[in-house]
Each structure stands twice: as C-alpha cells, then as structure tokens.
Amino acid sequence: MNTKTIIRTNMEQIEVDKKTAKMSLYHYEGCFFCFGVREAIETLNLKIELRDVRKERYRADELLEGGGSSTVPCLRRENAKTSCDEWLYESSDIVDFLKAEFGNI
C-alpha cells in the first residue's frame with residue numbers, strides 16, 4: 001500500500017468521486033503496466049471501478065468491442081458532452097491524465 005495517498009476535504013472528495021463514478025479501468029492482476037496505473041489510482045485516492053479481463057471474461061469482450069483493442073490497461077470514461085465513451089490506452093498516458101485531472105502525486 002502506498003503511504004503518500006492524497007487527502008482531500010469531504011467536499012473535495014465528493015466532487016472527485018462524482019467524476020470517477022463514470023470511469024473504469026480494464027486490467028488484470030499480473031500485468032506490470034496495470035500495477036502502475038492501480039498504484040496511481042490508490043495514491044490519488046480515486047474510486048475507479050476495476051474490471052479484471054481475466055477473472056471476468058465478458059469484460060475482455062467489452063474492452064474489445066468498446067475500445068477496439070484488447071490491450072490493458074485501458075481507462076474507459078463516459079463523456080457527458082458527446083454521450084460517447086472514451087477509451088484511453090497506454091499506462092503512462094492514463095497516469096498522466098489522472099494526475100492532471102485529480103492532482104499531482
């Protein structure tokens with residue numbers, strides 16, 4: 001467990017939780033790149049649903065159908081403006097996005 005977890009006020013955390021409620025991370029447990037993204041999620045104190053593509057095979061199908069690739073990690077986020085899901089691949093891009101949105105580590 002990371003000891004540098006970001007602490008927010010209750011109101012700040014509620015706002016962050018609202019944003020992350022529309023996100024999910026497609027991953028699997030033994031993936032090195034997924035580990036880095038999960039660690040960033042923990043450090044940034046984010047509540048993002050984790051969808052393990054190996055434990056729940058239908059998640060792999062969702063990933064391929066929605067994102068166009070079965071590569072993990074992949075962050076899915078709902079875009080309220082376009083009513084379409086956005087699929088962000090590449091662990092470093094995901095971590096950079098999360099840091100920019102929710103505070104630097």
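In short, a report on the structure. (Residues numbered from 1 in each chain as written. Predicted model: local features only at pLDDT ≥ 70, side-chain atom pairs only at ≥ 80, totals over all residues. Heavy atoms only, no water.)

## Considerations on the pattern of salt bridges
Applying the stated criterion across every chain, the model contains 11 salt bridges. R51 serves as the salt-bridge partner of E49, at 3.1 Å between the closest nitrogen and oxygen. Overall, the relative accessible area of 36% leaves E49 in the partly exposed class. For R51, a relative accessible area of 12% translates into the label buried. Between R77 and E86 there is a salt bridge; the shortest N-O distance is 2.8 Å. Look at R77 and you get partly exposed, because its relative accessible area is 27%. (Salt bridge = Lys/Arg side-chain N within 4 Å of Asp/Glu carboxyl O. Buried < 20%, exposed > 50% of the residue type's maximum accessible area, 1.4 Å probe, protein only.)

## Points about the sheet that holds strand β1 (residues 23-27)
Pairing is mixed in the open sheet, where four strands are placed in the order β2-β1-β3-β4. One side of each edge strand has no neighbouring strand; the edge strands of this open sheet are β2 (49-52) and β4 (84-89). Each adjacent strand pair in this sheet contributes to an overall mean axis angle of 25°, direction not counted. Here β1 pairs with β2 via four bridges, running parallel. Along β2, the bridge assignment pairs Y26 with R51. Lying over the sheet, helix α4 (residues 91-102) contacts β1, β3 (74-79) and β4, oriented at roughly 120° with respect to β4. (Pairing = 2+ DSSP bridges. Helix = DSSP H or I, 4+ residues; strand = E, 2+ residues; numbered from the N terminus. Axes fitted to C-alpha atoms, helices over the stretch in contact; angles between N-to-C directions. Contact = heavy atoms within 4.5 Å.)

## A look at the environment of K99
In this fold, K99 is placed in helix α4. The spatial distance from the C-alpha of K99 to the C-alpha of I41 is 9.3 Å, given a sequence separation of 58 residues.

## Here we look at the packing of aromatic side chains
By the definition in use, this model includes two aromatic pairs. When the ring of Y26 is compared with that of W87, the centres are 5.5 Å apart and the planes differ by 40°; the resulting orientation is tilted. In this pair, Y26 sits in strand β1 while W87 sits in strand β4, placing the two residues 61 residues apart along the sequence. When its relative accessible area of 1% is taken as the criterion, Y26 is described as buried. Here the aromatic rings of F32 and F33 are separated by 5.4 Å at their centres, their planes lie at 80°, and the arrangement is edge-to-face. The ring of Y28 is capped by R54, whose NZ or CZ atom sits 3.6 Å from the centre of that ring. (Phe/Tyr/Trp six-rings, centres within 6.5 Å; stacked < 30°, edge-to-face > 60°. Lys NZ or Arg CZ within 6 Å of the ring centre and 35° of its normal.)

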